[in-house]
Amino acid sequence: MPILELKNVSKSFGSGSSLIEVLSDINLSVNEGEFVAIVGFSGSGKTTLINLINGLLFPDQGEVLLHGSPVEGPGPDRGVIFQNYSLLPWLSVYSNVKLAVDEVFPKLSKKERDEHIKKYIDMVNLTPALDKKPSELSGGMRQRVSVARALAMNPEILLMDEPLSALDALTRGSLQEEIIKIWNQDKKTAILITNDVDEGILMADRIIPLTPGPKATLGPEFKVGFERPRDVTEINKDEAYKHLRNNILEYLMDVGATRKQVSDQRYMLPDLKPTMPGRVIFRKRKKKVQVKYF
Ligand SMILES: Nc1ncnc2c1ncn2[C@@H]1O[C@H](COP(=O)(O)OP(=O)(O)OP(=O)(O)O)[C@@H](O)[C@H]1O
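Counting restarts for each chain: residues are numbered from 1 in the order of the written sequence. With pLDDT at 70 or above as the cut-off, local features in this predicted model cover only qualifying residues; side-chain atom pairs require 80 or more to be listed or tallied, and sums for whole chains, interfaces and linings still use all residues.

A separate point is the overall build of the protein chain. To qualify as a helix, a DSSP run of H or I must reach at least 4 residues; to qualify as a strand, a run of E must reach at least 2; elements of each kind are numbered from the N terminus. Within the protein chain, the regular secondary structure consists of eight helices and twelve strands. Counting all 294 residues of the protein chain, 32% fall into the buried class. Note on contacts: residues are paired as contacts if their backbone-placed C-beta atoms lie within 7 Å. Pairs at least 24 apart in sequence give 68% of the contacts found in the protein chain among residues at least 6 apart. The burial criterion counts other C-beta atoms lying within 10 Å of a residue's C-beta, which is placed from the backbone; the residue is buried at 20 or more, exposed at 12 or fewer, and partly exposed between these limits.

The UniProt feature table records "domain: ABC transporter" (unreviewed entry) at residues 4–237. Across residues 4–237, helical content stands at 34% and strand content at 24%; the span's end C-alpha atoms are separated by 34 Å. UniProt positions are given in the numbering used here, feature names are shortened, and annotations may be inferred rather than shown by experiment.

Quick look at the nonpolar core now. Counting 62 residues, the largest nonpolar core has Ile38, Val97, Ile121, Ala148, Ile191 and Ile207 as the members making the most contacts within it. Here the element with the most residues in this core is helix 4 (residues 139–152); it accounts for six residues. Residues contacting Ile38, with those up to four places away along its chain left out, are Lys46, Leu49, Ile191, Ile193, Ile208 and Leu210. Note on definitions: a nonpolar core is a set of buried residues drawn from Ala, Val, Leu, Ile, Met, Phe, Trp, Tyr and Cys, linked by C-beta atoms within 7 Å.

Of all six residues in strand 8 (residues 189–194), six are buried; the element is thus mostly enclosed. Across the two faces of strand 8 the burial is the same, with Thr189, Ile191 and Ile193 and Ala190, Leu192 and Thr194 all buried. The pairing criterion is simple: DSSP has to find at least two bridges between the two strands. In this structure, strand 3 (residues 35–40) lies alongside strand 8, joined through five bridges in parallel fashion. Within strand 8, the position partnered with Val36 by the bridge is Ile191. As paired strands, strand 7 (residues 157–161) and strand 8 are joined by five bridges and run parallel to one another. Across the sheet, Ile157 pairs through a bridge with Thr189, a residue of strand 8.

Attention shifts here to unusual backbone geometry. Gly213 connects to Pro214 through a cis peptide bond whose omega is -5 degrees. With an omega of -5 degrees, the peptide bond between Arg228 and Pro229 qualifies as cis. Tracing the backbone shows Pro229 in the loop between strand 10 (222–223) and helix 7 (232–237). In this structure, Asn125 is a non-glycine residue whose phi angle is positive, near 60 degrees. In this structure, Asn154 takes a positive phi of about 50 degrees despite not being glycine. When you line up the elements, Asn154 lands in the loop between helix 4 and strand 7.

For the rest of this paragraph, the subject is the site of the ligand. What makes a residue near a molecule or strand is its C-beta atom, placed from the backbone, lying within 6 Å of it. Around the ligand, a shell composed of 13 residues is seen, among which Phe13, Ser42, Lys46, Thr47 and Thr48 lie nearest. Residue assignment for the shell around the ligand shows that the elements contributing at least two residues are strand 2 (20–30) and helix 1 (46–54). Here the shell around the ligand gets three residues from one element, more than from any other, and that element is helix 1. Here the residues of the shell around the ligand sort into three nonpolar, nine polar and one charged. Note on residue classes: Ala, Val, Leu, Ile, Met, Phe, Trp, Tyr, Cys and Pro are nonpolar, Asp, Glu, Lys and Arg are charged, and everything else, Gly too, is polar.

Checked against the element boundaries, Lys46 lands in helix 1. Under the C-beta neighbour-count criterion, Lys46 is labelled buried, with 22 such atoms within 10 Å. Between the alpha carbons of Lys46 and Ala216 there is a distance of 9.2 Å; along the sequence they are 170 residues apart. Every residue in contact with Lys46, bar those within four places of it in the chain, is listed here: Ile38, Gly40, Asp161, Ile193 and Leu210.

Structure, rendered in structure tokens:
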């Protein structure tokens, strides 16, 4: 039985004339230990899809099943790594990871918890920064903390929502390698959302495109058959890589062009006049800023 299944899932936001049909008829089946990359256009609904799997959102139609049972909310069985790190700024690296570990493993002794936290911080090479606050870390280091925190919860599924897209190419490359190494060690099931086809080919077993929205849906899957561990330089030279990359890009360009034709259609807009929202006055009084709307 697949560990995760999405069956005919659709999700909209709003109602009436402001209804946005974001996802439509999403079908996905992920086996235990698989690494699946979902590649999609900006704004197509990638985060919505991750939130449906995480249990922060629920489908309007269809179902999201974990081990065959409907997802009823977030749980420690799914660890999420977000694009924006989502660390608590007043806590150190150690305490950010500790918070998650305390929540998931309340029965471990203090010593066991301490060892567990340090093991995962070490795994992402952050032991020297144990006591540093997020503001004292680079973007890559912050994302390493997020990775350590998600993994320390020992989730069955690792959900990654464009975790590396804000990083420079070098940091991105080394974190890609670290995530794959850890995934390989722990044999987790992983779902990576990315807008980078090369990242998908380097990391995943399968790449599934998400078509542009509205009503985005999953396209045909592309299997990535390269042996692991994968070496970027070697893969880049491989004709099979070029072929696969071209096929995926061609598919994405085709669906992108089709959607563009639809979105290029002219619509009549209502005759609205912009109105001034009023003035905002900032006054300093006893060091507090006072904001006045009228
Ligand atoms: N809570 C919400 N309420 C209303 N609309 C929403 C909500 N969440 C997402 N949307 C809309 O759904 C669409 C898809 O958003 P989503 O964030 O899932 O896309 P994305 O592919 O992750 O975007 P990006 O590539 O910019 O990260 C957008 O039009 C967005 O405005």
